[in-house]
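Residues per chain are reported as follows:
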Amino acid sequence: MATPVLDKAEAEAQAASPYITVTFRIRRFDPEVSAEAEWQDFQIEIDPKERVLDGLHKIKWDVDGTLTFRRSCAHGICGSDAMRINGKNRLACKTLIKDINPDKPITIEAIKGLTVLKDLIVDMEPFFQAYRDVMPFLVTTGNEPTRERLQSAEDRERFDDTTKCILCAACTSSCPVFWNDGQYFGPAAIVNAHRFIFDSRDEAGEQRLEILNDKDGVWRCRTTFNCTDACPRGIEVTKAIQEVKRALITRRF
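A. Just the nonpolar core, in detail. Counting 65 residues, the largest nonpolar core has Phe24, Ile26, Val52, Leu56, Ile108 and Leu212 as the members making the most contacts within it. Residues within four places of Ile108 in sequence aside, it is in contact with Phe24, Arg25, Ile26, Arg27, Trp39, Val52, Leu56, Met83, Arg84 and Leu120.

B. How the structure looks around the sheet that holds strand β5 (residues 106–109). With mixed pairing, the five strands of this open sheet are ordered in space as β2-β1-β5-β3-β4. With one partner strand each, in any of the chains shown, β2 (38–46) and β4 (88–91) form the two edges of the open sheet. Neighbouring strand axes in the sheet, compared pairwise and without regard to direction, differ in orientation by 35 degrees on average. Sheet topology places strand β3 (residues 82–85) next to β4; four bridges connect them, and they run antiparallel. Paired with Ala82 across the two strands is Leu91, which belongs to β4.

C. Molecular detail of the environment of Asp62. Secondary-structure assignment places Asp62 in helix α2 (residues 52–63). Through-space distance from the C-alpha of Asp62 to that of Pro102 is 20 Å; in sequence the pair is 40 residues apart.

D. Local environment of the environment of Lys58. Residue position: Lys58 is located in helix α2. On the basis of relative accessibility, which here comes to 29%, the residue Lys58 falls in the partly exposed class. Expressed as a C-alpha distance, the spacing of Lys58 and Ile44, which sit 14 residues apart in the sequence, is 7.8 Å. Apart from residues no more than four positions distant in its own chain, Lys58 is found in contact with Ile44, Glu45 and Val63.

E. View of the environment of Trp39. With respect to the helices and strands, Trp39 occurs in strand β2. You can call Trp39 partly exposed: its relative accessible area is 39%. Along the primary structure Trp39 and Thr223 are separated by 184 residues, whereas in three dimensions their C-alpha atoms are 32 Å apart. Filtering out sequence-adjacent residues up to four positions away, Trp39 remains in contact with Arg25, Ile26, Arg27, Thr107, Ile108 and Glu109.

Reading guide: rules and limits
Residues numbered from 1 in each chain as written. Predicted model: local features only at pLDDT ≥ 70, side-chain atom pairs only at ≥ 80, totals over all residues. Heavy atoms only, no water. Core = buried A, V, L, I, M, F, W, Y, C linked by side-chain atoms within 4.5 Å. Buried < 20%, exposed > 50% of the residue type's maximum accessible area, 1.4 Å probe, protein only. Contact = heavy atoms within 4.5 Å. Pairing = 2+ DSSP bridges. Helix = DSSP H or I, 4+ residues; strand = E, 2+ residues; numbered from the N terminus. Axes fitted to C-alpha atoms, helices over the stretch in contact; angles between N-to-C directions.

What follows is the structure in C-alpha coordinates.
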(Lines give C-alpha, C1' and ligand atoms only; values in the text may rest on other atoms or scores of the structure.)
Protein backbone atom coordinates (compact mmCIF):
# COMPACT_ATOMS: atom_id res chain seq x y z
CA MET A 1 0.00 0.00 0.00
CA ALA A 2 1.35 3.41 -0.94
CA THR A 3 2.20 5.78 1.87
CA PRO A 4 -0.34 8.61 1.96
CA VAL A 5 1.14 11.94 0.92
CA LEU A 6 0.45 14.84 3.25
CA ASP A 7 -0.28 18.19 1.72
CA LYS A 8 1.82 21.14 2.83
CA ALA A 9 -0.66 22.37 5.45
CA GLU A 10 -0.97 18.93 7.03
CA ALA A 11 2.81 18.45 7.08
CA GLU A 12 3.33 21.84 8.72
CA ALA A 13 0.64 21.12 11.31
CA GLN A 14 2.21 17.78 12.14
CA ALA A 15 5.67 19.33 12.44
CA ALA A 16 4.32 22.06 14.71
CA SER A 17 2.52 19.63 17.02
CA PRO A 18 3.82 19.85 20.59
CA TYR A 19 3.00 16.21 21.25
CA ILE A 20 5.66 13.54 21.68
CA THR A 21 5.50 9.82 22.41
CA VAL A 22 6.36 9.06 26.02
CA THR A 23 6.65 5.67 27.72
CA PHE A 24 5.22 5.41 31.22
CA ARG A 25 6.66 2.35 32.99
CA ILE A 26 4.36 1.73 35.96
CA ARG A 27 4.78 -0.82 38.73
CA ARG A 28 1.39 -2.53 38.88
CA PHE A 29 0.03 -4.56 41.79
CA ASP A 30 -3.39 -6.09 42.24
CA PRO A 31 -3.71 -8.55 45.16
CA GLU A 32 -6.78 -10.10 43.52
CA VAL A 33 -4.72 -11.03 40.47
CA SER A 34 -1.21 -11.83 41.72
CA ALA A 35 0.88 -11.77 44.88
CA GLU A 36 3.72 -10.14 42.96
CA ALA A 37 4.01 -6.69 41.44
CA GLU A 38 5.09 -6.29 37.84
CA TRP A 39 6.10 -3.46 35.52
CA GLN A 40 3.82 -2.47 32.66
CA ASP A 41 4.64 -0.04 29.84
CA PHE A 42 2.19 2.44 28.34
CA GLN A 43 3.03 4.62 25.35
CA ILE A 44 1.05 7.82 25.07
CA GLU A 45 1.10 10.99 22.98
CA ILE A 46 1.39 13.98 25.27
CA ASP A 47 2.70 17.54 25.40
CA PRO A 48 5.96 17.47 27.41
CA LYS A 49 4.85 20.66 29.17
CA GLU A 50 2.08 18.68 30.82
CA ARG A 51 2.43 16.94 34.16
CA VAL A 52 3.00 13.32 35.07
CA LEU A 53 -0.50 13.38 36.58
CA ASP A 54 -1.92 14.35 33.17
CA GLY A 55 -0.19 11.31 31.68
CA LEU A 56 -1.63 9.04 34.35
CA HIS A 57 -5.09 10.48 33.68
CA LYS A 58 -4.69 9.81 29.96
CA ILE A 59 -3.74 6.19 30.63
CA LYS A 60 -6.60 5.64 33.08
CA TRP A 61 -9.24 7.40 31.02
CA ASP A 62 -8.21 6.30 27.53
CA VAL A 63 -6.12 3.14 27.82
CA ASP A 64 -6.58 1.13 31.03
CA GLY A 65 -9.29 2.04 33.49
CA THR A 66 -7.94 -0.39 36.09
CA LEU A 67 -4.88 1.78 36.79
CA THR A 68 -5.28 2.97 40.38
CA PHE A 69 -3.76 6.02 42.08
CA ARG A 70 -4.75 8.81 44.45
CA ARG A 71 -5.23 12.43 43.44
CA SER A 72 -7.55 15.24 44.41
CA CYS A 73 -6.79 18.95 43.96
CA ALA A 74 -4.13 18.41 41.25
CA HIS A 75 -2.40 21.63 42.32
CA GLY A 76 0.14 20.56 44.96
CA ILE A 77 -2.05 21.42 47.93
CA CYS A 78 -3.72 18.18 49.04
CA GLY A 79 -0.58 16.02 48.81
CA SER A 80 -2.51 12.91 47.82
CA ASP A 81 -0.58 12.02 44.64
CA ALA A 82 2.89 11.45 46.12
CA MET A 83 4.69 8.63 44.29
CA ARG A 84 8.18 7.57 43.21
CA ILE A 85 8.94 9.02 39.78
CA ASN A 86 12.25 7.96 38.28
CA GLY A 87 13.37 6.82 41.72
CA LYS A 88 12.51 10.03 43.60
CA ASN A 89 9.52 10.93 45.72
CA ARG A 90 7.50 13.64 43.99
CA LEU A 91 3.97 14.93 43.57
CA ALA A 92 2.70 13.82 40.16
CA CYS A 93 0.71 17.06 39.85
CA LYS A 94 3.85 19.21 40.24
CA THR A 95 6.22 17.20 38.05
CA LEU A 96 6.44 18.28 34.41
CA ILE A 97 7.21 15.59 31.87
CA LYS A 98 9.83 17.77 30.17
CA ASP A 99 11.77 18.03 33.43
CA ILE A 100 12.40 14.28 33.79
CA ASN A 101 13.93 13.29 30.42
CA PRO A 102 10.91 12.07 28.42
CA ASP A 103 13.26 10.47 25.88
CA LYS A 104 13.59 7.54 28.30
CA PRO A 105 10.81 5.56 30.03
CA ILE A 106 9.35 7.40 33.01
CA THR A 107 9.23 4.91 35.88
CA ILE A 108 6.42 5.30 38.37
CA GLU A 109 5.83 3.26 41.52
CA ALA A 110 4.23 3.57 44.94
CA ILE A 111 6.10 5.33 47.75
CA LYS A 112 8.22 3.02 49.92
CA GLY A 113 7.83 1.93 53.54
CA LEU A 114 4.03 1.60 53.50
CA THR A 115 2.02 -1.44 52.42
CA VAL A 116 0.91 -1.25 48.79
CA LEU A 117 -2.83 -1.87 48.48
CA LYS A 118 -3.10 -1.61 44.70
CA ASP A 119 -0.86 -0.11 42.01
CA LEU A 120 0.23 3.32 43.31
CA ILE A 121 -1.99 3.34 46.42
CA VAL A 122 -0.46 2.57 49.82
CA ASP A 123 -2.00 2.10 53.26
CA MET A 124 -1.56 5.54 54.87
CA GLU A 125 -2.94 4.56 58.29
CA PRO A 126 0.47 4.00 59.99
CA PHE A 127 1.59 7.39 58.68
CA PHE A 128 -1.51 9.17 60.00
CA GLN A 129 -1.34 7.31 63.33
CA ALA A 130 2.16 8.69 63.91
CA TYR A 131 0.81 12.13 63.01
CA ARG A 132 -2.03 11.79 65.53
CA ASP A 133 0.34 10.51 68.23
CA VAL A 134 2.35 13.77 68.34
CA MET A 135 -0.78 15.81 69.21
CA PRO A 136 -0.90 18.05 66.10
CA PHE A 137 -3.21 20.66 67.59
CA LEU A 138 -3.01 23.71 69.84
CA VAL A 139 -3.20 22.88 73.55
CA THR A 140 -4.04 25.61 76.03
CA THR A 141 -5.51 25.85 79.52
CA GLY A 142 -8.22 28.05 80.96
CA ASN A 143 -11.55 29.07 79.55
CA GLU A 144 -12.37 29.33 75.88
CA PRO A 145 -11.00 32.67 74.65
CA THR A 146 -13.37 35.46 73.72
CA ARG A 147 -11.00 36.83 71.08
CA GLU A 148 -8.17 35.69 68.81
CA ARG A 149 -5.00 34.44 70.48
CA LEU A 150 -2.56 37.09 69.28
CA GLN A 151 1.02 36.30 68.37
CA SER A 152 3.90 38.48 67.25
CA ALA A 153 5.37 38.14 63.77
CA GLU A 154 8.68 37.13 65.39
CA ASP A 155 7.05 34.32 67.38
CA ARG A 156 5.21 33.11 64.30
CA GLU A 157 8.41 33.09 62.26
CA ARG A 158 9.93 30.60 64.70
CA PHE A 159 7.80 27.77 63.32
CA ASP A 160 6.54 29.22 60.04
CA ASP A 161 8.42 26.70 57.86
CA THR A 162 6.78 23.65 59.42
CA THR A 163 3.25 25.02 58.94
CA LYS A 164 3.66 24.28 55.21
CA CYS A 165 3.34 20.48 55.58
CA ILE A 166 0.56 18.96 53.43
CA LEU A 167 0.88 15.40 54.82
CA CYS A 168 1.83 13.89 51.47
CA ALA A 169 4.23 11.42 53.16
CA ALA A 170 6.96 12.15 50.59
CA CYS A 171 9.48 12.89 53.35
CA THR A 172 8.61 9.95 55.60
CA SER A 173 8.55 7.43 52.76
CA SER A 174 11.97 8.65 51.55
CA CYS A 175 13.58 7.87 54.92
CA PRO A 176 15.75 4.71 55.04
CA VAL A 177 15.09 4.33 58.79
CA PHE A 178 11.33 4.31 58.14
CA TRP A 179 11.75 1.76 55.32
CA ASN A 180 13.36 -0.66 57.75
CA ASP A 181 11.31 0.12 60.84
CA GLY A 182 7.70 1.14 60.45
CA GLN A 183 7.54 1.97 64.17
CA TYR A 184 9.66 5.10 63.68
CA PHE A 185 7.51 8.23 63.87
CA GLY A 186 9.08 9.53 60.69
CA PRO A 187 9.94 13.06 59.49
CA ALA A 188 6.37 14.26 58.82
CA ALA A 189 5.18 13.52 62.36
CA ILE A 190 8.24 15.27 63.82
CA VAL A 191 7.70 18.27 61.54
CA ASN A 192 4.11 18.59 62.74
CA ALA A 193 5.20 18.25 66.37
CA HIS A 194 7.79 20.99 65.74
CA ARG A 195 5.04 23.29 64.47
CA PHE A 196 3.38 23.24 67.92
CA ILE A 197 6.41 22.72 70.18
CA PHE A 198 7.72 26.14 69.14
CA ASP A 199 4.33 27.88 69.02
CA SER A 200 4.36 30.51 71.78
CA ARG A 201 0.62 30.03 72.35
CA ASP A 202 0.84 26.29 73.01
CA GLU A 203 1.25 24.71 76.46
CA ALA A 204 1.98 21.05 75.57
CA GLY A 205 5.49 21.36 74.21
CA GLU A 206 7.01 19.33 77.04
CA GLN A 207 4.48 16.57 76.49
CA ARG A 208 5.27 16.37 72.78
CA LEU A 209 9.00 16.36 73.48
CA GLU A 210 8.52 13.43 75.82
CA ILE A 211 6.58 11.56 73.13
CA LEU A 212 9.41 12.13 70.65
CA ASN A 213 12.01 11.12 73.23
CA ASP A 214 10.74 7.55 72.86
CA LYS A 215 12.94 4.84 71.27
CA ASP A 216 10.92 5.22 68.05
CA GLY A 217 11.10 8.99 68.18
CA VAL A 218 13.40 11.74 67.04
CA TRP A 219 16.67 10.01 67.97
CA ARG A 220 16.16 7.46 65.20
CA CYS A 221 16.91 10.14 62.60
CA ARG A 222 20.28 9.57 60.89
CA THR A 223 20.40 12.99 59.15
CA THR A 224 20.56 11.67 55.58
CA PHE A 225 18.64 14.72 54.25
CA ASN A 226 16.44 12.45 52.06
CA CYS A 227 13.39 14.01 53.69
CA THR A 228 14.43 17.59 52.94
CA ASP A 229 15.21 16.70 49.32
CA ALA A 230 11.83 14.96 48.91
CA CYS A 231 9.60 17.68 50.39
CA PRO A 232 7.51 19.25 47.60
CA ARG A 233 6.85 22.30 49.78
CA GLY A 234 10.52 23.08 50.37
CA ILE A 235 10.38 22.56 54.14
CA GLU A 236 13.80 22.23 55.79
CA VAL A 237 12.76 18.94 57.37
CA THR A 238 16.18 17.88 58.64
CA LYS A 239 16.70 21.28 60.26
CA ALA A 240 13.34 20.97 62.06
CA ILE A 241 14.28 17.52 63.36
CA GLN A 242 17.61 18.85 64.63
CA GLU A 243 15.81 21.69 66.43
CA VAL A 244 13.56 19.19 68.20
CA LYS A 245 16.64 17.17 69.24
CA ARG A 246 18.27 20.35 70.54
CA ALA A 247 15.14 21.22 72.52
CA LEU A 248 15.21 17.79 74.14
CA ILE A 249 18.83 18.23 75.18
CA THR A 250 18.63 21.82 76.43
CA ARG A 251 15.49 21.27 78.51
CA ARG A 252 17.59 19.03 80.76
CA PHE A 253 19.75 21.94 81.91
